[in-house]
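Here's the letter readout for the chains.
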Amino acid sequence: MSKPIIATTSLAGCFGCHMSILDIDEKILDLIELVEFNKSPIDDIKTFTKQCDIGIIEGGCCNSENVHILQDFRKNCKILISCGECAIMGGLPAMRNGISVEECLKEAYLDGPTVTTNTEKILPNDDELPMILNKVYPCHEIVKIDYFLPGCPPTAELIWGALVALLTGSEMNLPYEVVKFD
Amino acid sequence: MTKKITIEPVTRVEGHGKVTIHLDDNFNVAQTRLHIVEFRGFERFVQGKPYWEAPVLVQRLCGICPVSHHLAAAKAMDVIVGAGTGEGLTPTGKKMRRLMHYGQMFQSHSLHFFHLVSPDLLFGYDANPGIRNVIGVALEHKDLAVQGVMMRKFGQEVIKATAGKKIHGTGAIPGGINKNLSIQERDFFLKGADPFNADYMVNWALGALEFFKGYHKANAQFIDNFSHFPSNHLSLVRKDGALDLYHGVLRAVDHEGKKILNDVDYQEYYKYIQEEVRTWSYMKFPFLTSIGKENGWYRVGPLARLNTCDFIPTPLAQKEFEVYKAYTKGKPNNMCMHMHWARLIETLHSAEVIRDLLKDPDLQGDNLVVKGKKCNEGVGLIEAPRGTLFHHYKIDDNDQITMANLIVSTTNNNQPMNNGVNFVAKAMMNGKKEITEPMMNAVEVVIRAYDPCLSCATHALGKMPLEISLYDSNDKLIDRKNK
């Protein structure tokens, strides 16, 4: 039997969920014996080269590029997991949702104490930059998501448990204390 | 309820890092740009939050070195609650935070070396990317992979014991710390079975350094010359000039070692540093105000720190520092790839600091928090793994944040990374009309040397997906490649 194939990505997250995957420590060496990694920052594969079994998504969508990548993952993965608070509900970046993008840009580039020399009031607006969305969207509002792993980040044990459950077809143990924002 | 999301028609690759190259009429490189395409808006949306939330909120900028943000924000809040800067805390508070920070330095530097750089060294910079990655290392050099995993784990466990969690902990609070280190926790690190103990980590750090030095010896031409250019260097140093990653005064030297910022108090950092905004990147371009936009840019991180400090206050790292300094005859080191060497000397230093700190009985003290007279403004600086990190907050009488200004480490390296890309483009692209594979590799190698925390400033783990676009003198796109 061929190995199950896993892909991962970080959208509008902080990479903490990927770090938590690495926090399975020695088990990472077992994991790479058991599965094959495709598109993921953990290896160096940057575009999908085949259909994958499991896609792990960190982060929500804050710009047009995040949306494209998420749709690409849905197309190429049989099972999609929202991993961590940002993917599940926007997380900390979604704290900007009550505020206009203009106000956020103004604060960062015009009003701060170290941009007083920006007298020409320059804002980043080049064609090369992807468009910022009006708000930060959780992944399941963009595509269908099959499973949700809570935590900020989900603990290494939880991520490991989820992968083992999926790969062996067994029920996953979700004790109440992990189902929270932290 | 329906939701409308506008999506651009052109699909782009996952391009957190994006490079454009413009050629002149003779197909020589006229202009290069490294675009950073992510924007969060932290400065605005933390406004209105109570000040004590900042250390736990703002660290969520970055899951790769959250401890740096956690501590920089806590240091700013120390000032706000009247606990003074850096050294004002109780011995337990101060030392627990130091232990947390050096734990993070150790794990982050180990991650960078073993997970991101070692594949290039082991397989060669031009090897098939399908093998040239950490999984390839694990499959073909298992001993080294185990070592990398265990070193990172050791640092992460130190963070958990001091901050409560490995990622996004809560240990540092305004004016101090919320726990001490129990004897049991201490002995977990000091007396663990080999290899999981502090002494073993020092030895492994020495081993990693030897591995790099061996590679350097065999590849001196490449390591010494690749993207080598002069620059200013900036970091915190301890008051007596020692390397200090947690606290100090702000110092900058020019490419020849002349002090251009002389050990100033960082509470007034904004008098010395400004940031330029450019239309083509969300990442700003910091510079020393006294020198100006054109020439005032500087480098931060391991290379800069070993250029600004006078000595390293632990014996093994100091010995390595002397060898390192002798290579440039005591002058500042401006060789891009020597960043890896400097980073490994800091890894060794961090292992020594952790080992020595663990033996300090102050960690078992129970006087954890200092209180003082509250004020409404505070600045916290720290040497994060990737360089100097600035946090600056103002609060109102209701204890709500009214202003936040952050200059993250990688932002400080914005101009140097752009110069590095320019250097590589000129060396490899002049006269060419298409982007070659060696060119793509070279751009990636130069950016990776800075270990850009692409989470703080953008995203993606060291090995960022790159899109390179080539334009002719009429701004017409003539080639685009993804890596």
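Small disclaimer: the values here were computed from a predicted structure and weren't measured.

A word on the overall build of chain A
Step number 1: Across its full length, chain A carries six helices and seven strands.
Step number 2: Counted from the first residue to the last, chain A has its helices and strands arranged as β-α-α-β-β-β-α-β-α-α-β-β-α.
Step number 3: Along the longest, intermediate and shortest principal axes, the C-alpha atoms of chain A span 65 × 40 × 30 Å.
Step number 4: Burial status across chain A gives 52% buried among its 182 residues.

Observations regarding the overall build of chain B
Step number 1: On a plain count of helices and strands, chain B comes out with 15 helices and 15 strands.
Step number 2: In summary, chain B has a C-alpha radius of gyration of 22 Å against a globular reference of 23 Å for 483 residues, a match within 12%.
Step number 3: By its C-alpha atoms, chain B is 70 × 55 × 50 Å across when sized along the principal axes.
Step number 4: Looking at chain B as a whole, 57% of its 483 residues are labelled buried.
Step number 5: Considering only contacts within chain B whose residues lie at least 6 apart along the sequence, 71% involve residues at least 24 apart.

With respect to the interface of chain A and chain B
Step number 1: Listed as interface residues are 58 residues of chain A and, on the opposing side, 61 residues of chain B.
Step number 2: At the level of secondary structure, the elements contributing two or more residues to the side of chain A that touches chain B comprise strand 1 (5-10), helix 1 (16-22), helix 2 (27-34), helix 3 (64-76), helix 5 (101-111) and strand 6 (132-137) of chain A.
Step number 3: Counting residues per element, the side of chain A that touches chain B draws most heavily on helix 1 of chain A, which supplies six residues.
Step number 4: Broken down by class, the residue content of the side of chain A that touches chain B amounts to 31 nonpolar, 14 polar and 13 charged.

Quick word on the confidence of the model for chain B
Residues and elements named next belong to chain B.
Step number 1: Considering every residue of chain B, the mean pLDDT works out to 89; 93% of them sit at 70 or more.
Step number 2: Per-residue pLDDT stays below 50 along residues 1-15; that stretch engages in 23 contacts with residues further than four places along the chain or on separate chains.
Step number 3: For residues 455-463, every residue scores under 50 in pLDDT, and the model assigns this stretch 43 contacts once sequence neighbours within four places are set aside.
Step number 4: Taken together, the chains of this predicted complex give a pTM of 0.93 and an interface ipTM of 0.94.

Some points on the sheet that holds strand 5 (residues 77-83) of chain A
Residue and element names in this part refer to chain A.
Step number 1: Taken together, five strands build an open sheet; the order of strands is 2-1-3-5-7 and the sheet is parallel. Bordering the open sheet on either side are strand 2 (36-37) and strand 7 (147-149), each of which pairs with just one other strand.
Step number 2: Relative to strand 7, strand 5 is paired through three bridges, and the arrangement is parallel. From the neighbouring strand, S82 faces strand 7, where its bridge partner is F148.
Step number 3: Seen against the sheet, helix 3 touches strand 1, strand 3 (52-58) and strand 5 and runs at an angle of roughly 135 degrees to strand 5.
Step number 4: The strands touched by helix 6 (residues 156-168) are strand 3, strand 5 and strand 7; relative to strand 7, the strand with the most contacts, the crossing angle is about 155 degrees.

Points about the sheet that holds strand 13 (residues 401-407) of chain B
Residues and elements named next belong to chain B.
Step number 1: Taken together, three strands build an open sheet; the order of strands is 11-12-13 and the sheet is antiparallel. Both outer strands of the open sheet, strand 11 (377-384) and strand 13, are each paired with one neighbouring strand and no more. The sheet shows a mean angle of 15 degrees between the axes of neighbouring strands, taken without regard to direction.
Step number 2: Pairing of strand 12 (residues 387-395) with strand 13 involves six bridges; the strand directions are antiparallel. Each residue of the ladder has a partner; that of H391, found in strand 13, is L406.
Step number 3: Running at roughly 150 degrees to strand 11, helix 3 (residues 66-80) makes contact with strand 11 and strand 12 of the sheet.

Thoughts on the pairing of strand 7 (residues 259-264) of chain B
Residues and elements named next belong to chain B.
Step number 1: Bridge count between strand 6 (residues 249-253) and strand 7: three bridges; the pairing is antiparallel. For V253, the partnering residue across the bridge sits in strand 7 and is K259.
Step number 2: Counted along the chain from strand 6 to the antiparallel partner strand 7, the turn is five residues long, and its residue G257 has a positive phi close to 100 degrees.

Some words on the packing of helix 4 (residues 91-123) of chain B against helix 12 (residues 338-358) of chain B
Residue and element names in this part refer to chain B.
Step number 1: Relative orientation of the contacting elements helix 4 and helix 12 amounts to 145 degrees, with a least axis distance of 9 Å. Where helix 4 crosses over helix 12, the handedness of that crossing is left-handed. Contact residues: helix 4 offers K95, R98, L99, Y102, G103, M105, F106, H109, S110, H112, F113 and V117, while helix 12 offers H340, R343, L344, E346, T347, S350, A351, V353, I354 and L357.
Step number 2: When the residues that make up the contact of helix 4 with helix 12 are grouped by side-chain class, the tally is 11 nonpolar, seven polar and four charged.

Observations concerning helix 3 of chain B
Residues and elements named next belong to chain B.
Step number 1: Here helix 3 is 15 residues long and its end C-alpha atoms lie 21 Å apart, about the 21 Å a rise of 1.5 Å per residue gives.
Step number 2: Of all 15 residues in helix 3, 15 are buried; the element is thus mostly enclosed.
Step number 3: Among the residues trailing helix 3, G82 stands out with phi positive, at a value near 75 degrees.

A few points about the environment of E141 of chain A
Step number 1: Among the secondary structure elements, E141 of chain A is positioned in the loop between strand 6 and strand 7.
Step number 2: For E141 of chain A and D30 of chain A, which are 111 residues apart along the polypeptide, the C-alpha to C-alpha distance reads 34 Å.

A few points about helix 12 of chain B
Spacing of three or four residues puts side chains on the same side of an α-helix, whose turn is 3.6 residues.
Step number 1: For helix 12 of chain B, spanning 21 residues, the distance from its first C-alpha to its last is 30 Å, which sits close to the expected 30 Å at 1.5 Å a residue.
Step number 2: Where burial is concerned, most of helix 12 of chain B is hidden: 19 out of the 21 residues are buried.

Let's talk about the environment of S473 of chain B
Residue and element names in this part refer to chain B.
Step number 1: Take S473: it is sitting in the loop between strand 14 (466-471) and strand 15 (477-482).
Step number 2: Between the C-alpha atoms of S473 and G378, which are 95 residues apart in sequence, the distance is 49 Å.
Step number 3: Those residues within four positions of S473 in sequence are excluded, and the remaining contacts are L23, D24 and D25.

What to know about unusual backbone geometry
Glycine aside, a negative phi is what most residues show, and trans is what most peptide bonds show.
Step number 1: The step from C152 of chain A to P153 of chain A runs through a cis peptide bond, and the omega angle for that step is -10 degrees.
Step number 2: With respect to the helices, strands and loops of the structure, P153 of chain A is situated in the loop between strand 7 and helix 6.
Step number 3: Cis rather than trans, the peptide bond between D194 of chain B and P195 of chain B has omega equal to 0 degrees.
Step number 4: Inspection of the secondary structure puts P195 of chain B in the loop between helix 7 (183-190) and helix 8 (198-218).
Step number 5: The phi angle at K121 of chain A is positive, at roughly 55 degrees, despite the residue not being glycine.
Step number 6: With respect to the element layout, K121 of chain A can be found in the loop between helix 5 and strand 6.
Step number 7: The phi dihedral of D263 of chain B falls on the positive side, at around 55 degrees, and the residue is not glycine.
Step number 8: Tracing the sequence through the fold places D263 of chain B in strand 7.

Procedures and definitions
The residue numbers shown here count from 1 along each chain, following its written sequence. Throughout, the order in which chains and ligands are written sets their labels, letters from A for the former and numbers from 1 for the latter. Since the coordinates come from a predicted model, pLDDT governs what is reported: local features require at least 70, and pairs of side-chain atoms require 80 or more to be given and counted, while whole-chain, interface and lining totals use all residues. The secondary structure listing takes helices from DSSP runs of H or I that are at least 4 residues long and strands from runs of E that are at least 2 residues long, numbered from the N terminus. Exposed residues have 12 or fewer other C-beta atoms within 10 Å of their own C-beta, buried residues have 20 or more, and partly exposed residues fall in between, where C-beta atoms are placed from the backbone. Note that the radius of gyration is over C-alpha atoms, with the globule rule given as 2.2 Å times the number of residues to the power 0.38. Note on contacts: each residue gets a C-beta atom placed from the backbone, and two residues are in contact if those atoms are within 7 Å. When residues are sorted by character, Ala, Val, Leu, Ile, Met, Phe, Trp, Tyr, Cys and Pro go into the nonpolar class, Asp, Glu, Lys and Arg into the charged class, and all the rest, Gly among them, into the polar class. A score from 0 to 100, pLDDT tells how confident the predictor is in each residue. Any two strands are treated as partners once DSSP identifies two or more bridges connecting them. With axes taken as lines fitted to C-alpha atoms, and helix axes fitted only over the stretch in contact, angles between N-to-C directions fall between 0 and 180 degrees. Crossings are classed by handedness, with left-handed meaning an anticlockwise turn of the near helix from the far one by less than a right angle and right-handed meaning a clockwise turn. A helix is expected to reach a length of 1.5 Å times the quantity of its residues less one.

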